[in-house]
Amino acid sequence: MTHSFDKSKLPSRHVSVGPERAPHRSYYYAMGLTEEEIARPFVGIASAGNDSAPCNTTLNAQADVCRDGVNAAGGMPRRFNTITVTDGIAMGHQGMKSSLVSREVIADSVELSVRGHCYDALVGFAGCDKSLPGMMMAMLRLNVPSIFVYGGSILPGHYGGKDVTVVDVFEAVGQHAAGNCPLKDLIALEKVACPGHGACGGQFTANTMACVGEAIGLSLPNSNMVPAPYQTRAEIATAAGAQVMELLARNIRPRDICTREAFENAARVVAATGGSTNGALHLPAMASEAGIEFDLFDVAEMFKSTPYIADLKPGGRYVAKDMHEAGGVYMLMKTMLANGLLHGNCMTVTGKTLGENIDEVTWNPDQKVIYDVKTPLSPTGGVVGLKGSLAPDGAIVKVAGMARLQFTGPAQVFDCEEDCFAAVEARQIKEGSVIVIRYEGPKGGPGMREMLSTTAALYGQGMGESVALITDGRFSGGTRGFCIGHVGPEAADGGPIALVEDGDIIAIDAEAGTIDLLVEDAVLAERRKAWQPRTNDYQSGALWRYAQNVGPASKGALTHPGAKAERHVYADI
């Protein structure tokens, strides 16, 4: 459907309307646009496509197809790109410090491109970890009619008669170090684990945030679990281009969609799918862009009362392709809404409410991936918030697939991931210990690295169930085991984690939601007197700038005040 638009009320009038904009229009003529095309609304199509990793390699092609939908619906598409940092390649070395920082760079760069060129609407394509929340943060910040499109997941690899993902390769590294995986087998596995284009296939961070895109209403229904190689991805891209013009005609904006109730829906879907703990970092950051207070404890409150119902890797058996074939995110939300776990009145990019969209879905009792809420895998969510004397500002743990929910043991303390990984490789980690990796928080790292290389190596050595791991950094969505991240306050701010010493007893109870350092207050007071802030190795450049601005993980590791401090909204310029 093609609408007529009054450009005098749209941002693009500043670059295309009136005699004083003749110089601006001359650039558009240089790019081959006609007078009629310049008179249309301008739609930014942001792509995080690149050759850095398979997560991103199809995004530019999908974004190009999106142009057809925009054109057919009466808009003028203007494609541009932003960066990504791919966690799977950045993992286990200093490059991971760039990962979370890239979320802010992505949001900022999309904002600046839209502001600078005065685009009226936005379709964003992302495929890898931080690019998903970064793109959605930009949409909420700008508040122009927007649709988020996930590039799709990779198909599973096959090895030894079973489906495998990149996490199997990380864990095989640990098996090799333990002498249980010959080098030839490791090499054979690495060559087949990732068979083509798309993001990591399990319910890791990318697929978790892709589910969030649908649950929160910014993505078209059942669009994000379609694997990257499937031809239907082109149809989804075209549909997004057409539908964003409908949103522009009806003036339905991201902040109309992403209400407090919508964030609660998204948090519940993270928990129900056993999703990445990074969801508890990205949802507060997205909420801030909409002027909504929704911190780690708000997320954890939703997690606490949400059953775990999607049998997805790393804690379960299936991958995103299987979830798509089972009916996708909306099949999951069908049973959740029917059992009172979702707010059905939230608006979505279809122009209908979430409940109206779900009404169009028929529950499939024959699929094996998504359980009915009445018969869950476990009665509480796959992700749990913790709080206690070791983490007064909170922490997060993924319990999906875990049999053991309590752990008490002596600390083995490391001041960076490299030191801990070296100890794992040297078989110096003791069974029953609580491994502490600190000075890896947003400010102290800087950049709040993920620890998948270390946790996967522990699992590969058969130690995954016999130790716990605590950090003020993060864990990959691919991590499994008793691994607690986002401990706050972080060590760089003098949080209790900075005062832990080898041998201190730490008690964790994921059922009760507690994490405590069992050391006398008087002893901790003496240690605090002796504690001195540390200087990291990044005293210039992007990581230095990030460390100066970043806030606590419990609030989303924000670098600016958010919508609450706004004096204008871009969409209304």
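Thresholds, definitions, all that
Residues numbered from 1 in each chain as written. Predicted model: local features only at pLDDT ≥ 70, side-chain atom pairs only at ≥ 80, totals over all residues. Heavy atoms only, no water. Phe/Tyr/Trp six-rings, centres within 6.5 Å; stacked < 30°, edge-to-face > 60°. Helix = DSSP H or I, 4+ residues; strand = E, 2+ residues; numbered from the N terminus. Lys NZ or Arg CZ within 6 Å of the ring centre and 35° of its normal. UniProt positions renumbered as here; feature names shortened; annotations may be inferred. Buried < 20%, exposed > 50% of the residue type's maximum accessible area, 1.4 Å probe, protein only. Contact = heavy atoms within 4.5 Å. Pairing = 2+ DSSP bridges. Right-handed = clockwise from strand over helix to strand, strands pointing away. Axes fitted to C-alpha atoms, helices over the stretch in contact; angles between N-to-C directions. Left-handed = near helix turned anticlockwise from the far one by under 90°. Salt bridge = Lys/Arg side-chain N within 4 Å of Asp/Glu carboxyl O.

Per the counting criterion, the structure on display carries four aromatic pairs. For the pair Tyr28 and Phe42, a centre-to-centre distance of 5.0 Å together with 55 degrees between the ring planes defines the contact as tilted. With Tyr28 in helix H2 (residues 22–30) and Phe42 in strand E1 (residues 42–47), the pair connects residues that are 14 residues apart, well separated along the chain. Taken together, a centroid distance of 6.0 Å and an interplanar angle of 75 degrees make the contact between Phe407 and Phe482 edge-to-face. Here Phe407, found in strand E9 (residues 406–414), pairs with Phe482, found in strand E12 (residues 482–485); they are 75 residues apart in sequence, far enough to count as distant. The side chain of Lys387 reaches across the aromatic face of Phe297, ending 4.5 Å from its centre. Lying over the aromatic face of Tyr439, Arg534 brings its terminal NZ or CZ to 4.5 Å of the ring centre.

Take the UniProt feature "binding site: Mg(2+)" (unreviewed entry) in the chain next. As annotated by UniProt and renumbered to match this structure, "binding site: Mg(2+)" (unreviewed entry) occupies Asp87, Asp129, Lys130 and Glu450. Spanning 364 residues, the named residues form one tight spatial group whose C-alpha atoms are at most 12.0 Å apart. Relative to the helices and strands, Asp87 resides in helix H5 (residues 87–90). The exposure class of Asp87 is buried, given its relative accessible area of 1%. If we ignore the near neighbours within four places in the chain, the residues touching Asp87 are Met96, Ser99, Cys128, Asp129, Lys130 and Glu450. Tracing the sequence through the fold places Lys130 in the loop between strand E3 (121–126) and helix H7 (131–142). For Lys130, a relative accessible area of 0% gives the class buried. Once residues within four sequence positions are removed from consideration, Lys130 is found in contact with Asp87, Ser99, Leu100, Ser102, Arg103, Ile106, His282, Glu450 and Arg474.

Regular strands have side chains that alternate between both faces of the sheet. Neither face of strand E11 (residues 468–471) is left uncovered, since the one carrying Ala468 and Ile470 and the one carrying Leu469 and Thr471 both have all their residues buried. Of the pairings in the sheet, the one linking strand E10 (residues 434–437) to E11 comprises four bridges and is parallel in character. Bridging across to E11, Ile437 finds its partner in Thr471. For the handedness criterion, the β-α-β arrangement of E10, helix H20 (residues 452–460) and E11 is classed as right-handed. Two elements, E11 and E12, share three bridges in a ladder whose sense is parallel. Looking at E12, one finds that Leu469 is bridged to Cys483.

Another aspect to go through is the packing of helix H10 (residues 205–215) against helix H17 (residues 328–338). The N-to-C vectors of H10 and H17 enclose an angle of 65 degrees; their axes lie 10 Å apart at closest approach. For H10 against H17, the interelement crossing comes out right-handed. For the pair H10 and H17, the contacting residues are Cys211, Glu214 and Ala215 in the first and Val329, Tyr330 and Met333 in the second.

Next up on the list: the pattern of salt bridges. Under the criterion given, the structure shown has 33 salt bridges. The partner of Lys321 in a salt bridge is Asp322, with the nearest N and O atoms 3.6 Å apart. Note that Asp415 and Arg534 form a salt bridge whose closest N and O atoms lie 2.9 Å from each other. Of this pair, Asp415 sits in the loop between E9 and helix H19 (417–425) while Arg534 sits in the loop between helix H21 (521–530) and helix H22 (541–549); the two residues are 119 residues apart in sequence, bridging distant segments of the chain. Residue classification places Asp415 among the partly exposed residues on the basis of a relative accessible area of 24%. Here the residues in one salt-bridge network are Asp108, Glu111, Arg115, Arg141 and Glu289, joined through shared partners.

Per the UniProt record, "domain: Dihydroxy-acid/6-phosphogluconate dehydratase N-terminal" (unreviewed entry) is found at residues 40–357. In residues 40–357, helix accounts for 50% and strand for 9%; the two terminal C-alpha atoms are 30 Å from one another.

Moving on, we get to the sheet that holds E3. Pairing within the open sheet is parallel, and its four strands lie in the order E2-E1-E3-E4. Lying at the two open borders of the sheet, with one neighbouring strand each, are strand E2 (76–81) and strand E4 (146–150). The sheet shows a mean angle of 20 degrees between the axes of neighbouring strands, taken without regard to direction. Here six bridges tie E1 to E2, and the two strands are oriented parallel to one another. Each residue of the ladder has a partner; that of Gly44, found in E2, is Arg78. Seen against the sheet, H7 touches E1, E3 and E4 and runs at an angle of roughly 170 degrees to E3.

This next bit is on unusual backbone geometry. Of note, the amide linkage connecting Gly445 to Pro446 takes the cis form, showing an omega dihedral of -15 degrees. In this chain, Gly488 is followed by Pro489 through a cis amide linkage whose omega measures 0 degrees. As for its position among the elements, Pro489 is in the loop between E12 and strand E13 (505–509). Not every positive phi belongs to a glycine, and Asn143 is a case in point at roughly 60 degrees. Examined against the element boundaries, Asn143 turns out to sit in the loop between H7 and E4. Phi at Tyr439 takes a positive value of approximately 60 degrees, unusual for a residue other than glycine. Within the secondary structure, Tyr439 is located in the loop between E10 and H20. You can call Tyr439 buried: its relative accessible area is 8%.

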